[in-house]
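# Fold and geometry: a report
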Amino acid sequence: MPESNRWMVPFLDLSRQYALIKGEMDEALLRVGARGSYIMGSELEDFQQRFAAYCGCARAAGVASGTDAIALALKALNIGPGDEVITTPLTAVPTVMAIIQAGATPVFADIEEGGYGLDPAEAAKAAGPRTRALLPVHIFGECVEMDTLLDLAGRLGIALVEDACQAHGASWQGHPAGSLGAMGCFSFYPTKNLGAVGDAGMVTTGDESLYYRVCSLRDYGRSSRDTFSEPGWNSRLDEIQAAVLGVKLSHLDQWTARRKEIAGVYNQAFSGTDLFLPIERPGRGHVYHLYVVSCDYRDDLASMLSSRGVQTHVHYPAPVHLQPALMHLGYARGDFPRAEAASARVLSLPLNPWMTDAETELVANATRESL
Ligand SMILES: *Cc1c(COP(=O)(O)O)cnc(C)c1O
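Described below are features of the structure shown in this document. (Residues numbered from 1 in each chain as written. Predicted model: local features only at pLDDT ≥ 70, side-chain atom pairs only at ≥ 80, totals over all residues. Heavy atoms only, no water.)

### Comments concerning the site of the ligand
Around the ligand sit 13 residues, and of these Gly 66, Thr 67, Asp 163, Ser 187 and Lys 192 come closest. Within the contact set of the ligand, a nitrogen atom lies 2.8 Å away from a side-chain nitrogen or oxygen of Asp 163. Relative to its unbound accessible area of 380 Å², the ligand is 91% covered by the protein chains. Looking at the shell around the ligand residue by residue, the classes come out as four nonpolar, seven polar and two charged. (Near = heavy atom within 4 Å. Polar contact = N/O pair within 3.5 Å; in protein donor to acceptor, adjacent residues only side chain to side chain. Areas by Shrake-Rupley, 256 points an atom, 1.4 Å probe, with all protein chains shown as cover. Nonpolar A, V, L, I, M, F, W, Y, C, P; charged D, E, K, R; others polar.)

Spelled out as structure tokens, the structure:
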């Protein structure tokens, strides 16, 4: 029995997504299988162009994962050993691992008051002579305060790279995530709003030379068929993933609309309670990768929901600066009080386009009854 069957409402059941688009999915998988070209072929070309257009960018380079997208973007910007990259402690760990993979040093700045994104004022305080990039994360599917962060990057004369791994189709003042900074980094990990049937990622940019640099770095540093102009590695997005992603991209706007609809039902159901809600703020096209509520009694709420058959998760139970792998950076509990408080208070309720209305009601009611 699949794990998800233990729940009245599983957090996410991707087999439902497959069932919905099975015809198109199978056609794409069989097409690639029969063609006999599996790496760097026409599926990648097509998907790169379509995803670039979707993000309002001139170019998009497919890579092997979201982690690689960030590491390759930083390397393409010549960021490496001795350089510092400012990011948020309230993110998926790979944001930070990618900085380390590029050879640079992560520097954390706390999140904003009343939200979960990197605080521009805190980022400004964290900047120093070695700072070479800002790496804000459009966390949970909502764009960070881009105007102030872009101003800051401009004043410091450094690049802003977007971690848009949770923000496919999100926007800031009408402009799509991935088109807002020098480069945008996407993950197509299966559970993301646009997900592959394995690992995959993408770097978006409006800058031709950065695009070609990423294309070279993802292919062992290749500059032409038999010439390698710098050391790179292997981080290619294969044809099967590109074909599947192309199928799903055609459905993404509809799926995002359904996410917003469910978020609307939750927001209404929980208004007037003491839950802090992810209400969409003006100018930010939230795509609700996750529906995150916050309260003082998070663990009790999670266990009451669990006993009512509702599966929840916590994103994230520990801020990244407290992870054992990063102890060498010298951070300690108390350094980022807002991110630390958020980690203790946040709870992600099930929200995905393949939930039924009945399941949505069940989650809403179970949550209200638990309060
Ligand atoms: C998923 C994710 C990543 C990493 O993507 P992978 O494809 O798993 O390497 C990076 N940053 C954020 C914010 C993510 O959610």
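Here the narrative resumes.
### Considering the side chain of His 138
Its location among the elements puts His 138 in the loop between strand 4 (131–135) and helix 7 (146–156). Its relative accessible area of 0% is what places His 138 among the buried residues. Looking at His 138, its side chain comes within polar contact range of the main-chain nitrogen of Val 144, at 3.2 Å. At 2.8 Å, the side chain of His 138 forms a polar contact with the side chain of Glu 162. When residues no more than four places from it in sequence are discounted, the contact partners of His 138 are Cys 143, Val 144, Met 146, Glu 162, Asp 163, Ala 164, Gln 166, Ala 167, Ala 177 and Leu 180. (Helix = DSSP H or I, 4+ residues; strand = E, 2+ residues; numbered from the N terminus. Buried < 20%, exposed > 50% of the residue type's maximum accessible area, 1.4 Å probe, protein only. Contact = heavy atoms within 4.5 Å.)

### Brief notes about unusual backbone geometry
With an omega of 10°, the peptide bond running from His 315 to Tyr 316 counts as cis. On the secondary structure map, Tyr 316 appears in the loop between helix 10 (298–307) and helix 11 (337–345). Its identity as a non-glycine residue notwithstanding, Tyr 220 has a phi of 60°, on the positive side. Tyr 220 gets classed as partly exposed once you look at its relative accessible area, which sits at 36%. The phi dihedral of Tyr 288 is positive, around 45°, even though this residue is not glycine. With respect to the helices, strands and loops of the structure, Tyr 288 is situated in the loop between strand 12 (284–285) and strand 13 (291–294).

### Considerations on helix 8 (residues 208–217)
Side chains that are three or four residues apart share a direction in an α-helix, a result of its 3.6 residues per turn. Among all positions in helix 8, only Leu 210, Tyr 211, Val 214, Cys 215, Ser 216 and Leu 217 are buried. Along its buried surface, helix 8 packs onto helix 3 (42–54), strand 1 (59–63), helix 4 (66–76), strand 8 (183–187), strand 9 (201–205) and strand 10 (222–224).

### Structural notes on the sheet that holds strand 6 (residues 171–172)
Taken in spatial order, the three strands line up as 7-6-12 in an open sheet, and their pairing is antiparallel. Of all the strands in the sheet, the pair left with one neighbour each is strand 7 (175–176) and strand 12. Bridging between strand 6 and strand 12 involves two bridges; their strand directions are antiparallel. The partner of Trp 172 across the bridge, within strand 12, is Arg 284. (Pairing = 2+ DSSP bridges.)

### Structural notes on the pattern of salt bridges
One pass over the structure, following the stated rule, counts 22 salt bridges. Across the pair Arg 213 and Glu 230 runs a salt bridge whose closest N-O atoms are separated by 2.7 Å. Taken together, the residues Arg 213 in helix 8 and Glu 230 in the loop between strand 11 (227–228) and helix 9 (239–270) connect sequence positions 17 residues apart. With relative accessibility at 22%, the residue Glu 230 sits in the partly exposed group. Across the pair Arg 258 and Asp 357 runs a salt bridge whose closest N-O atoms are separated by 3.0 Å. (Salt bridge = Lys/Arg side-chain N within 4 Å of Asp/Glu carboxyl O.)

### A short note on the nonpolar core
Core analysis: the biggest nonpolar cluster contains 59 residues, and Phe 47, Phe 51 and Phe 188 have the highest contact counts within it. Secondary structure elements with two or more residues in this core: helix 3, strand 3 (105–108), helix 7, helix 9 and helix 11. Every residue in contact with Phe 51, bar those within four places of it in the chain, is listed here: His 168, Phe 186, Phe 188, Leu 194, Met 202, Thr 204 and Leu 249. (Core = buried A, V, L, I, M, F, W, Y, C linked by side-chain atoms within 4.5 Å.)

### Some details on helix 4
Among the 11 residues of helix 4, nine are classified as buried, and the element is accordingly described as predominantly covered. You can read the cap of helix 4 off the contacts: a side-chain oxygen lies 3.4 Å from the backbone nitrogen of Thr 67, and it is on Ser 65.

### Structural notes on the packing of helix 10 against helix 12 (residues 357–370)
Where helix 10 contacts helix 12, the axes come no closer than 9 Å and their chain directions differ by 130°. Taken together, the axes of helix 10 and helix 12 lie oblique to each other. The chirality of how helix 10 crosses helix 12 is right-handed. In this structure, helix 10 contributes Leu 301, Met 304 and Leu 305 to the contact, and helix 12 contributes Ala 366, Thr 367 and Ser 370. (Axes fitted to C-alpha atoms, helices over the stretch in contact; angles between N-to-C directions. Parallel < 35°, antiparallel > 145°, perpendicular 65-115°, else oblique. Left-handed = near helix turned anticlockwise from the far one by under 90°.)

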